[in-house]
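Fold and contact review
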Amino acid sequence: MIRVRTMTQADIDDCGRICYEAFYAIATRHDFPPDFPSIRPARELVATLQSHPDFFSVVVESDDRIVGSNFLDERSAIFSVGPVTVAPMCTTQVSAAR
């Protein structure tokens, strides 16, 4: 069961970890340097965006566990989306199911 809901402050640690792991997985797969040197800066980014009044933040849950997040930047007339993150274990499961 997949559920999308508004992110709360209680979600920041899980979302920060997933953000770090997701971007790390992509970077290492393509031999790029990682976007975040550790979980801490990724967590700080998530905390900043989640608390900002002009960003709408959501989490995706599967089986009552957070497996991803997304942000909508509403600061101008043209909205932007991101960062979008999905836990690497979820993308592995989808690939294996194909």
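On a predicted model such as this, the values are computed, not experimentally measured, just so you know. (Residues numbered from 1 in each chain as written. Predicted model: local features only at pLDDT ≥ 70, side-chain atom pairs only at ≥ 80, totals over all residues. Heavy atoms only, no water.)

Here we take up the pairing of strand β3 (residues 65-73). The side chains of a regular strand alternate between the sheet's two faces. In this sheet, β3 lies alongside strand β2 (residues 55-62) in antiparallel orientation, the contact comprising 8 bridges. From the neighbouring strand, Val-59 faces β3, where its bridge partner is Ser-69. In textbook terms, the turn of a hairpin is the stretch between consecutive antiparallel strands, and for β2 and β3 this stretch comprises 2 residues, one of which, Asp-63, has a positive phi near 55°. Sheet analysis places β3 next to strand β5 (residues 85-86), joined by 2 bridges and oriented antiparallel. Along β5, the bridge assignment pairs Gly-68 with Val-86. (Pairing = 2+ DSSP bridges. Helix = DSSP H or I, 4+ residues; strand = E, 2+ residues; numbered from the N terminus.)

Bringing the pairing of β2 into the picture now. The pairing of strand β1 (residues 2-6) with β2 spans 5 bridges and is classified as antiparallel. Bridge assignment links Thr-6 to a residue of β2, and that residue is Val-58.

Their axes nearest at 8 Å, the elements helix α1 (residues 12-29) and helix α2 (residues 39-51) cross at an angle of 125°. Put simply, α1 runs oblique to α2. For the pair α1 and α2, the sense of crossing is right-handed. Residue-level inspection shows Ile-12, Asp-13, Cys-15, Gly-16, Arg-17, Cys-19 and Tyr-20 of α1 in contact with α2, the latter providing Ile-39, Ala-42, Arg-43, Val-46, Ala-47 and Gln-50. Here the residues of the contact of α1 with α2 are counted per class, giving 8 nonpolar, 2 polar and 3 charged. (Axes fitted to C-alpha atoms, helices over the stretch in contact; angles between N-to-C directions. Parallel < 35°, antiparallel > 145°, perpendicular 65-115°, else oblique. Left-handed = near helix turned anticlockwise from the far one by under 90°. Contact = heavy atoms within 4.5 Å. Nonpolar A, V, L, I, M, F, W, Y, C, P; charged D, E, K, R; others polar.)

This part is about the side chain of Asp-11. Within the secondary structure, Asp-11 is located in the loop between β1 and α1. For Asp-11, the contacting residues outside a window of four places in its chain are Arg-5, Thr-6, Val-59 and Ile-66.

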